[in-house]
Amino acid sequence: MSRQSSILTEGERRSAPDKATDGSFSVTRRTALGAGAAMATGAMSTGVGSVQLAQSGILPDHTVAVRTWINGRSVEVTTDARTSLLDLLRERFGLTGAKKGCDHGQCGACTIHLDGRRVASCLTLAAKADGREVLTIEGLSAGDALHPMQQAFIDHDALQCGYCTPGQIMAAVACVAEGNATSRERIREYMSGNICRCGAYVGIVAAIEDAASKMRRG
Amino acid sequence: MHPFSLVRPKTVREAVNAAAQAGADTRFIAGGTTLYDLMKLNIEQPRQVIDISGIADLSRIETDGGQLRFGALAPMSAVAADAVVSRDHPVLAEALAKAASQQLRNMATVGGNLLQRTRCPYFRNGAGGIYPCNKREPGSGCAAIGGLDRGQAVLGTSEACTAVSPGDWPVALVAVDAMIEVLGPDGSRSVPAGELYRLPGDAPHLEFTLARGEMITAIVVRKTNAGRVSTYHKIRDRESYAFALASAAVVLDFDGERIQQSRIALGGVATRPWRAPDAERLLAGERLTPELALAAGHASFREARAGRHNAFKLELGARTVADALLIAAERRR
């Protein structure tokens, strides 16, 4: 997908500065606002001297500068080195599609794509997104037109409570792209990292089979 | 999680130098699937973390010539999907493909996976938890011994620790006699995969033979014809995305109808990746039958010691070895 094809919603942009109040992570409101502005405008720099800091990549007080693309938008943010990519997305950018289930890489609810490959964002240091492209569920659809995988999840009733669904869909899109959606058995094996406590697995496998054929047709 | 500073070196030399200058509470981080997880549990509390994932040329997979060479940063998923590895050494590809989930295999590296730490629930209970653990806090005791020990090891245990070595990939590497290339402050060296791991003994907190500041840079496997006659067989509580209850990596070198040499390593049952020399000797020069395969399986567990709830691993492990031998033998045709 192109870097321009996806955007945050207005609500997500507005909410970003207000949500970035994780004071324990020594984030100033100014940095947070800068990050929000960068998201809104697509600008590379946030001012506040962070360009120089970012060039070294290392900041003295347990923080890191991260320049990345999130759903096609260039962003720059300074964050505590401990921050997971999942927390960065949710708390700093208001992208709450990726869910915090277990926070230990065991459930798959936080699945996103990093440089086109699916990863567990809860076990990914935010710093590791530096210089790389992040795709979340919010960036999957082209405007109001759903991705074939999203539509297939609706068509096949592939969810009940929906909490695991963004992770399921991001994993499923990658599963098809990897060439691992070639049979029901293979889909089950390569989707085993995504747990659904409602037990919607039958619908999930059916949705992936359906979407895979449509995605292959392009 | 304790605060730490993050260093992002661009070369192997920079990484090793950074580690040499830092204190003992420094860790290299690659995929982070183990280290970051344990940092969240406050089990690992490094003050400095050296992120080596930006080092160029350390993720190369080389399969030309007489050996396979995997850069330490090659993702598990990439090596698992490599056509030459799958064809010529299925034991390696299967061990990787049966580990974790695709998300984690995309993150985790083949070098970092060698240093994965145990999944013993008492260890993972975390710093400040109510259960003692000699691995986590030396000298505090072991709650697994006499406790809920269904998942614990039956081979290589000590009075201090019965925690299972959790990996699949290290078991396969031990079976193929892989060499691990290491770079440290004093230069580079090459270690047989099996010699990377310590037995728990009375110091279970010491798990690896790497010296301080040493970094794994590559894994080298000599190509052999026997490599094709191999498998990694893994038995779990569920069919996918679970750690092994018992597993076996098997490589068989046939001379006609008879086994000339076998290499057998066990996972899920021991405190380190476990070679089974008794079973290997039993098979030498023999025709493989289901009965002999099971005898080899039982020979693998001759010195096993069960606890309260894990005696089932002796029979399960023996049958896992037997099945692995029969699966591998089918591949010589």
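The rules behind each value
Residues numbered from 1 in each chain as written. Chains lettered and ligands numbered in written order. Predicted model: local features only at pLDDT ≥ 70, side-chain atom pairs only at ≥ 80, totals over all residues. Heavy atoms only, no water. Pairing = 2+ DSSP bridges. Helix = DSSP H or I, 4+ residues; strand = E, 2+ residues; numbered from the N terminus. Axes fitted to C-alpha atoms, helices over the stretch in contact; angles between N-to-C directions. Contact = heavy atoms within 4.5 Å. Buried area = accessible area lost by both parts, 1.4 Å probe. Salt bridge = Lys/Arg side-chain N within 4 Å of Asp/Glu carboxyl O. Polar contact = N/O pair within 3.5 Å; in protein donor to acceptor, adjacent residues only side chain to side chain. Parallel < 35°, antiparallel > 145°, perpendicular 65-115°, else oblique. Left-handed = near helix turned anticlockwise from the far one by under 90°. Buried < 20%, exposed > 50% of the residue type's maximum accessible area, 1.4 Å probe, protein only. Phe/Tyr/Trp six-rings, centres within 6.5 Å; stacked < 30°, edge-to-face > 60°.

In the nomenclature of an unreviewed UniProt entry, chain B corresponds to Xanthine dehydrogenase family protein subunit M from the organism Teichococcus vastitatis.

A. Examining the sheet that holds strand S2 (residues 26–29) of chain B more closely. Residue and element names in this part refer to chain B. Within the open sheet, the three strands sit side by side as S1-S3-S2. Their pairing is parallel. Each edge of the sheet is formed by a strand with only one pairing partner; in this case those strands are strand S1 (5–7) and S2. Ignoring strand direction, the axes of neighbouring strands in this sheet form an average angle of 25°. Docked against the sheet, helix H1 (residues 12–21) engages S2 and strand S3 (48–51), running at close to 170° with respect to S3.

B. The arrangement of the interface of chain A and chain B in detail. With 35 residues of chain A at the contact, the number on the chain B side is 34 residues. The contact between chain A and chain B buries some 2800 Å² in all, and 52% of this surface belongs to carbon and sulfur atoms. At the boundary of chain A and chain B, one finds three salt bridges. Here Asp51(B) makes a salt bridge to Lys128(A), at a shortest N to O gap of 2.9 Å. Inspection of the region where chain A meets chain B yields 20 residue pairs in polar contact (both at pLDDT 80 or more). For the side of chain A that touches chain B, the elements supplying multiple residues, two or more each, are strand S1 (63–70), strand S4 (117–120) and helix H7 (184–190) of chain A.

C. Summary view of the packing of helix H5 (residues 148–155) of chain A against helix H6 (residues 165–177) of chain A. Residues and elements named next belong to chain A. At their nearest, the axes of H5 and H6 sit 10 Å apart, and the two run at 125° to each other. Comparing their axes, H6 and H5 come out oblique. Between H5 and H6 lies a crossing whose hand is right-handed. Across from Met149, Gln150 and Phe153 in H5, the residues of H6 making contact are Thr165, Gln168, Ile169, Ala172, Val173 and Val176.

D. Representation of the pairing of strand S5 (residues 67–71) of chain B within the structure. Residues and elements named next belong to chain B. Of the strand pairs in this sheet, strand S4 (residues 61–62) and S5 are connected by two bridges, and their pairing is antiparallel. Residue pairing for S5: Glu62 is matched across the bridge by Arg69. Connecting the antiparallel pair S4 and S5 is a turn made up of four residues, with Gly65 showing a positive phi of about 80°. Both S5 and strand S8 (residues 215–222) contribute to a ladder of five bridges, which runs antiparallel. Within S8, the residue paired with Leu68 across the bridge is Val221.

E. Expanded view of the pattern of salt bridges. Residues and elements named next belong to chain B. Enumeration over the complete set of coordinates arrives at 36 salt bridges over all chains. With a closest N to O distance of 2.9 Å, Arg27 and Glu44 form a salt bridge. Here Arg27, found in strand S2, pairs with Glu44, found in the loop between helix H2 (35–40) and S3; they are 17 residues apart in sequence, far enough to count as distant. On the accessibility criterion, Glu44 (8% relative accessible area) is buried. Via salt bridges that share partners, Arg27, Glu44, Arg117, Lys135 and Glu207 belong to a single interconnected network.

F. Representation of the side chain of Ser247(B) within the structure. Residue and element names in this part refer to chain B. Along the polypeptide, Ser247 turns up in strand S10 (residues 246–255). Looking at Ser247, its side chain comes within polar contact range of the side chain of Tyr232, at 2.7 Å. Here Ser247 is in contact with Tyr232, His233, Lys234, Ala265, Leu266, Gly267, Gly268 and Thr320, once residues within four sequence places are set aside.

G. Local environment of the side chain of Ser240(B). For Ser240(B), the position within the fold is in the loop between strand S9 (230–235) and S10. Owing to a relative accessible area of 11%, Ser240(B) belongs among the buried residues under this scheme. Of the polar contacts made by the side chain of Ser240(B), one reaches the side chain of Glu189(A); its length is 3.1 Å. In terms of polar contacts, Ser240(B) uses its side chain to reach the side chain of Ser192(A), at 2.7 Å. Contacts of Ser240(B), omitting those with residues within four sequence positions, involve Glu189(A) and Ser192(A).

H. Representation of the packing of aromatic side chains. All names here are of chain B. For the structure shown, the criterion picks out three aromatic pairs over all chains. With 5.8 Å between their ring centres and 65° between their planes, Tyr197 and Phe208 make a pair best called edge-to-face. Taken together, the residues span a long stretch of sequence, with Tyr197 in the loop between strand S7 (187–192) and S8 and Phe208 in the loop between S7 and S8 at a distance of eleven residues. The same class applies to Tyr197 and to Phe208, which are both buried.

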